Number of protein chains: 2
Amino acid sequence: MLVETTGSEVRQRGGRRPRGDRVQTSRRPNYRSLRNSLTPQQVFSADQIENIHDTSLRVLEELGIKVLLAEARQIFRSNGCLVDDDSMMVRIGRDVVAGALATAPRSIPAYGGARERDLVFETGALAFVAGCGCPNVTDLDRGRRAGTLADFEEIVRLVQTFDVLHMHGPHLEPQDVDLRFRHYATARAQLTLSDKIPFVFARGTPQVEDSFEMMRLARGFSEDEFRNGVHCYTIINTNSPRQLDIPMAQGIIDFARAGQVTVITPFCLAGAMAPITVAGALTLQHAEALAGIVLAQTSRTGAPVVYGSFSSNVDMKSGAPAFGTPEHAKATLGAGQLARYLGLPWRAGGGSAANISDVQAANESQFALWGAVLAGATVLVHAAGWLEGGLSLSYEKLITDVEVLQMMAELFTETPGDAAAIAFEAIEEVQPGGHFFAAQHTMARYRTAFYEPLVADWSNFGNWTEVGSKDATQRANGIWKNVLEEFQPPIQAAETAPMLDEFIERRKAEGGAVPVS
Amino acid sequence: MLVETTGSEVRQRGGRRPRGDRVQTSRRPNYRSLRNSLTPQQVFSADQIENIHDTSLRVLEELGIKVLLAEARQIFRSNGCLVDDDSMMVRIGRDVVAGALATAPRSIPAYGGARERDLVFETGALAFVAGCGCPNVTDLDRGRRAGTLADFEEIVRLVQTFDVLHMHGPHLEPQDVDLRFRHYATARAQLTLSDKIPFVFARGTPQVEDSFEMMRLARGFSEDEFRNGVHCYTIINTNSPRQLDIPMAQGIIDFARAGQVTVITPFCLAGAMAPITVAGALTLQHAEALAGIVLAQTSRTGAPVVYGSFSSNVDMKSGAPAFGTPEHAKATLGAGQLARYLGLPWRAGGGSAANISDVQAANESQFALWGAVLAGATVLVHAAGWLEGGLSLSYEKLITDVEVLQMMAELFTETPGDAAAIAFEAIEEVQPGGHFFAAQHTMARYRTAFYEPLVADWSNFGNWTEVGSKDATQRANGIWKNVLEEFQPPIQAAETAPMLDEFIERRKAEGGAVPVS
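The name that an unreviewed UniProt entry assigns to chain A is Methyltransferase, with the source organism given as Mesorhizobium onobrychidis.

Written out as structure tokens, the structure reads:
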């Protein structure tokens, strides 16, 4: 067994296996429902977390939050909050907060278009969402440009393809579609090209109701059935500091009443919209998130809410936002402590401020990713493709980030530590200075032992040069093009198109729905 | 205070501060002696770790290790091991291993050329070493080429410049220097250009003795003084599986007797030189590391040894080594558990198999870095610049990796969580929808609040385009050139050159020292 054996010979030996013997021929781990196997890290003591929570309660009680929507103020008022309609300030007592926290669900099952796409939002689970909210898109062929519906549909196809991207988001703004009709186009793309959980923008009740109706049509639910399960979600960004605008407040109310998930995410850039300290930024974030949770729970008891964190810092020389910084990671770790203090599922934010998909972009995104994973985030938004602090979405970076997400998913898989894995017999079989390529222990495992990379090229410099010296970004370019070329939507999803188109045609004829601002 | 205020106005306000008022004007954290603030992660249960340890003892007891150096076999024999000189196999009883582990120091103080460069190798501390062992170097201007002494000296200057690189290593092979004289050149470069702890290659006693003499000359120690403190280190790689060659065995003996550190690092690529399972690769690694520790402790009781881990996997399709993979990270986490089980300081390995400093290289290196940090590694080798699995060292990647190491060092700094940091008053000061740029709380902290990046560019797309659309690697190119241009060696180090040159001239005239193989 000690002849020199190459990898190709290992393959050959595999080929000699008797026919009919069922062997898994490649690694196929389940990336669809991740459980985070890492122990959460802390940046604050338990006392400090209690102090942050308590100070947030003081902020809500003593300072209050400005709520621009009259209906929301009325809900707060009728639930015992102190409301001043002239200043639009709402002060929320800690008893009201405690009541809301008591009814917010700890575990939220959510349903995709196929059972394998279902998710559960709860402590210990982890879902990744590609970059969101980008006005622009960029790729190596077409350059940086304003996002279009064609781009949106391409990104939906890419997201649908990779299991490690768990649900959709408002990845980019299809700027070629009128705002009155844009929500039809984005809902249609998500529902006809994918069976993953879709995102609905909270841009006022008319658009939200349109979108809910499309979800019901596509997935075949009555209004009651729809309301009794989670089938889509939205992200609510407060206007930090201490302000909740009309569409966001309306979104909380509408989604709560419809039983759909709101991810209530203050966007607290330390030094700009929030105190310059990590603890201060989190105190503000926590207060605003709690205010949103109160509005959701008082709109409908038990409404599914996800605690949201997206606190990073700005460059104090220029005021420019930064992501994937040490302070961003610290804020995320602290947010995880606060979310666990509440016991609620929660989202973190990733991404990079780099202008192209380069080494800076990779380093910042991965640093933010580890911050979120080590914080025990339940959902990580902007986990792939997000550049320029959200001003553009990169096709190539989406692919190279998916690689890192898959590596993380692999890290979560069990590492066998039984006697067979410890492999005394294999060590005995191979003589000093020999190799394990042909060992029985290797032969039995080599097909499925290791992560098989999507983009990484491990060939040597000579071989790599011969095939064109392509860097990872160039290879990623080939990968997304290939995915789009070969893409087939889930049959059931594709079949919903005529029904949705009929609805869209009718609504367009009626003038669509003007977004509320 | 609620007028629109930009970052530049923040700076201006800072400028109005009365003269004579001492204010720290930029962030200057201590990157020189890092303490890892993160809680170690586990991939194996305590039982599994005990089983791996116990199986390693069985490997040493029942199977043995092949030791090519007669002197080493004699030392093993005289300490109760079973030695067969014909097969060169040494079998080590668990009592002998236990004895060695009882005398191996848990904490190893090591001395640089200045007190601020001193390190302690112990659980909880963390030192970073740039990429090592590379035959080639690469940069954007000069391309990929065989390493020269000029390159070696440039890398020493870069390593000296960044506090977050804590000691030197055999970064590259200066192939333009005859092997009989190469150790003079590399020792001279480290001792005259830097005050950080130098590395000495274990290529036989004559070279090692030469190098020790140069350390003593440069740092002003007698033989006794030198032997009573750690002033340099070497890395011992076993020839996995289960083989210790002549220069490596000799190195363990020579360094132990001279009281200098050996980092005993089996290089166990799962599927190739080690079992294909993480647990199996670690069992072999552990056995080999224990054998080296036994040789060190039996050569001199209490000899400073660092447990070494560098277990990753190969691509089973091609046999190519891979780094920064999920399996590499898992192996590092498991190695940390084994090192803590022994209570010894230990090293991990980072790096990437990418052929250029691209997104793959960044992603693999950072993934390996987190694996090592979360494993509680005491020393991380190949932490910056290492490409092609060690076949080349990249100047630009060294810089971009230093950025990530600095970010990690920042993450380790304390995150204030007291009332001043929680900042209720700042939140009270800023009205809803306002901003914190001009808040008193911000003004008091903005100069030192956040990490200031080395390479990252957070400017917007327009400004970034105007100044040339440089990616991170291109910017890193400018940074290393600037560092080399402005480099000044520590005065005391530079002053040792004439003394060292005299020694080198004499030894060269005597024929130098032929490396042992």
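Moving on, there is more to tell.
### Observations concerning the overall build of chain A
The secondary structure content of chain A amounts to 20 helices and 20 strands. Relative to the globule expectation of 24 Å for 517 residues, the C-alpha radius of gyration of chain A, 25 Å, shows essentially globular dimensions. Principal axes of the C-alpha set define a box for chain A whose edges measure 85 × 60 × 45 Å. A total of 517 residues make up chain A; the buried ones form 64% of that total. Side-chain charges in chain A split into 47 positive and 60 negative, and the spacing between the mean points of these groups amounts to 1 Å.

### Observations regarding the pairing of strand S7 (residues 125-128) of chain B
The side chains of a regular strand alternate between both faces of the sheet. All names here are of chain B. Side chains of S7 alternate between two faces, with Ala125 and Ala127 and Leu126 and Phe128 buried alike. Across 2 bridges, the pairing between strand S1 (residues 34-35) and S7 is antiparallel. By the bridge assignment for S7, Leu34 is matched with Leu126. Pairing of S7 with strand S17 (residues 379-381) involves 2 bridges; the strand directions are parallel. The partner of Phe128 across the bridge, within S17, is Leu380.

### Some remarks on the relation of the copies chain B and chain A
Superposing chain B onto chain A takes a rotation of 180 degrees plus a shift of 0.0 Å along the axis, which leaves an RMSD of 0.0 Å. Given the turn and translation reported, the copies of this chain are related as if by a two-fold rotation axis. Across chain B, the smallest distance between a C-alpha and the rotation axis is recorded for B:Val359, namely 2.6 Å. Comparing contact sets, 100% of the residues at the interface of chain B also lie at the interface in chain A, consistent with an isologous, same-surface contact.

### A word on the pattern of salt bridges
Residue and element names in this part refer to chain A. Throughout the structure, instances matching the rule amount to 58 salt bridges over all chains. Arg32 serves as the salt-bridge partner of Asp163, at 3.1 Å between the closest nitrogen and oxygen. Highlighted residues: Asp163 in the loop between helix H5 (149-161) and helix H6 (182-193) and Arg32 in the loop between helix H1 (7-15) and strand S1 (34-35), separated in sequence by 131 residues. The exposure class of Arg32 is partly exposed, given its relative accessible area of 29%.

### Observations regarding the pairing of strand S14 (residues 305-308) of chain A
All names here are of chain A. Burial of the side chains of S14 extends over both faces: Val305 and Tyr307 are buried on one face and Val306 and Gly308 on the other. Sheet topology places S14 next to strand S17 (residues 346-349); 2 bridges connect them, and they run parallel. Following the sheet pairing, Tyr307 is matched in S17 by Trp346.

### Thoughts on the environment of A:Val96
All names here are of chain A. Tracing the chain through its elements places Val96 in helix H4 (residues 94-103). For Val96, a relative accessible area of 11% corresponds to the buried category. Separated by 201 residues in sequence, Val96 and Gln297 place their C-alpha atoms 9.9 Å apart. Apart from residues lying up to four places away in sequence, Val96 is in contact with Asn79, Gly80, Cys81 and Val294.

### Brief notes about the sheet that holds strand S11 (residues 243-244) of chain A
In a beta sheet, neighbouring strands are held together by backbone hydrogen bonds and run either parallel or antiparallel to one another. Read from one edge of the open sheet, 4 strands run S3-S4-S2-S11 (chain A), paired in mixed fashion. For this open sheet the edge positions go to strand S3 (82-84) and S11 of chain A, each flanked by a neighbour on one side alone.

### Thoughts on the nonpolar core
Judged by nonpolar contacts, the single largest core of 299 residues is most densely connected at A:Ile92, A:Phe128, A:Leu165, B:Ile92, B:Phe128 and B:Leu165. What B:Phe128 contacts, discounting residues up to four positions off in sequence, is B:Leu34, B:Val164, B:Leu165, B:His166, B:Met167, B:Leu369, B:Leu380, B:Ala383 and B:Leu405. Counting residues in each nonpolar core, the second largest holds 20 residues, with A:Phe181, A:Tyr184, A:Val200 and A:Val208 among its members.

### Thoughts on the interface of chain B and chain A
Counting from both sides, the interface comprises 115 residues of chain B and, opposite them, 115 residues of chain A. Surface buried jointly by chain B and chain A totals about 9600 Å² across both partners, of which 68% is contributed by carbon and sulfur atoms. Per-residue buried area on chain B facing chain A is highest for B:Phe424, B:Phe450 and B:Trp458; these three make up 9% of the total on that side. Where chain B touches chain A, the interface holds 0 salt bridges. The leading source of residues in the side of chain B that touches chain A is helix H12 (residues 359-374) of chain B, at 9 residues. Of the residues in the side of chain B that touches chain A, the class split is 57 nonpolar, 36 polar and 22 charged.

### Overview of the side chain of B:Gln366
Relative to the helices and strands, B:Gln366 resides in helix H12. A polar contact is formed between the side chain of B:Gln366 and the backbone oxygen of A:Asn363, at a distance of 3.0 Å. Once residues within four sequence positions are removed from consideration, B:Gln366 is found in contact with A:Ala362, A:Asn363, A:Gln366, A:Phe367, A:Trp370 and B:Val404.

### A short note on helix H3 (residues 70-78) of chain A
Residues and elements named next belong to chain A. The set of residues buried in H3 consists of Ala72, Arg73, Ile75 and Phe76. On an axial view of H3, the arc spanned by its buried residues comes to 160 degrees, and they lie on one face. Where H3 is buried, its residues touch strand S2 (65-67), S3, strand S4 (89-91), helix H9 (246-257) and helix H10 (278-299). Downstream of H3 by one or two residues, Gly80 has phi in the positive range, about 95 degrees.

Cut-offs applied
Residues numbered from 1 in each chain as written. Chains lettered and ligands numbered in written order. Predicted model: local features only at pLDDT ≥ 70, side-chain atom pairs only at ≥ 80, totals over all residues. Heavy atoms only, no water. Helix = DSSP H or I, 4+ residues; strand = E, 2+ residues; numbered from the N terminus. Rg over C-alpha atoms; globule rule 2.2 N^0.38 Å. Buried < 20%, exposed > 50% of the residue type's maximum accessible area, 1.4 Å probe, protein only. Lys, Arg positive; Asp, Glu negative; His and termini not counted. Charge placed at Lys NZ, Arg CZ, Asp CG, Glu CD. Pairing = 2+ DSSP bridges. Least-squares fit on C-alpha atoms with pLDDT ≥ 70 in both. Contact = heavy atoms within 4.5 Å. Salt bridge = Lys/Arg side-chain N within 4 Å of Asp/Glu carboxyl O. Core = buried A, V, L, I, M, F, W, Y, C linked by side-chain atoms within 4.5 Å. Buried area = accessible area lost by both parts, 1.4 Å probe. Nonpolar A, V, L, I, M, F, W, Y, C, P; charged D, E, K, R; others polar. Polar contact = N/O pair within 3.5 Å; in protein donor to acceptor, adjacent residues only side chain to side chain. Arc of directions from axis to C-beta.

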